[in-house]
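Here is what each chain is made of, one letter per residue.
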Amino acid sequence: MDPSIGMIEVEGVAPLIAAGDAAAKAASVDLLGWESIGGYTTVFFTGSLSDVAAALQAGKAAAEALT
């Protein structure tokens, strides 16, 4: 099993899609799914520590571009 899990929490669905897409394209991570509670939505992914770090950085930047 991969040792790291990454999470990006956003408001709304469009930033979630952008974050998940950018994260998956930036590094070798597996998307685990998403969860939505009270207007906030979180995307989860797993991979090696370096891949998760790269995915977090790319996903965050993509989500921030839409807010």
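Residues numbered from 1 in each chain as written. Predicted model: local features only at pLDDT ≥ 70, side-chain atom pairs only at ≥ 80, totals over all residues. Heavy atoms only, no water.

(A) Quick peek at the environment of Ile37. Secondary-structure assignment places Ile37 in strand S2 (residues 30-37). For Ile37, a relative accessible area of 63% puts it in the exposed group. (Helix = DSSP H or I, 4+ residues; strand = E, 2+ residues; numbered from the N terminus. Buried < 20%, exposed > 50% of the residue type's maximum accessible area, 1.4 Å probe, protein only.)

(B) Molecular detail of the nonpolar core. Ile8, Val10, Leu16, Ala19, Ala23, Ala27, Val29, Val43, Phe45, Val52, Ala55 and Ala63 together form the largest nonpolar core, which totals 12 residues. Listed by contribution, the elements that provide at least two residues to this core are strand S1 (4-11), helix H1 (13-26), strand S3 (40-47) and helix H2 (49-65). Excluding residues within four positions of it along the chain, Ala63 makes contact with Val10, Pro15 and Ala19. (Core = buried A, V, L, I, M, F, W, Y, C linked by side-chain atoms within 4.5 Å. Contact = heavy atoms within 4.5 Å.)

(C) Focus on the side chain of Thr42. Position of Thr42 among the secondary structure elements: in strand S3. Setting aside residues up to four positions removed in sequence, Thr42 forms contacts with Met7, Ile8, Glu9, Leu16, Gly33, Trp34 and Glu35.

(D) Structural view of the pattern of salt bridges. On inspection of all chains with the given rule, the structure shows two salt bridges. Between Lys25 and Asp21 there is a salt bridge; the shortest N-O distance is 3.2 Å. With Lys25 and Asp21 both in helix H1 and four residues apart, this pair spans about one turn of that helix. Look at Asp21 and you get partly exposed, because its relative accessible area is 38%. For the salt bridge of Lys60 with Glu64, the shortest nitrogen-to-oxygen distance reads 3.9 Å. One end of the pair, Lys60, and the other, Glu64, are both in helix H2, four residues apart, so they sit about a helical turn from each other. We classify Glu64 as partly exposed; its relative accessible area is 48%. (Salt bridge = Lys/Arg side-chain N within 4 Å of Asp/Glu carboxyl O.)

(E) Main features of H1. The terminal C-alpha atoms of H1 lie 20 Å apart, and with 14 residues this matches the ideal 20 Å at 1.5 Å per residue to within 8%. For H1, every residue scored as buried is listed here: Pro15, Leu16, Ala18, Ala19, Gly20, Ala22 and Ala23. (Expected span 1.5 Å × (residues − 1).)

(F) Highlighting H2. Between its first and last C-alpha, H2 extends 25 Å over 17 residues, near the 24 Å set by a 1.5 Å rise per residue. Every buried residue of H2 is accounted for by Val52, Ala55, Gly59 and Ala63. Here the buried residues of H2 occupy an arc of 65 degrees about the axis, which is enough to place them on one side. Residues Ser50, Gln57 and Ala65 are exposed on H2 and point more than 90 degrees away from its buried face. Contacts from the buried residues of H2 go to S1, H1 and S3. (Arc of directions from axis to C-beta.)

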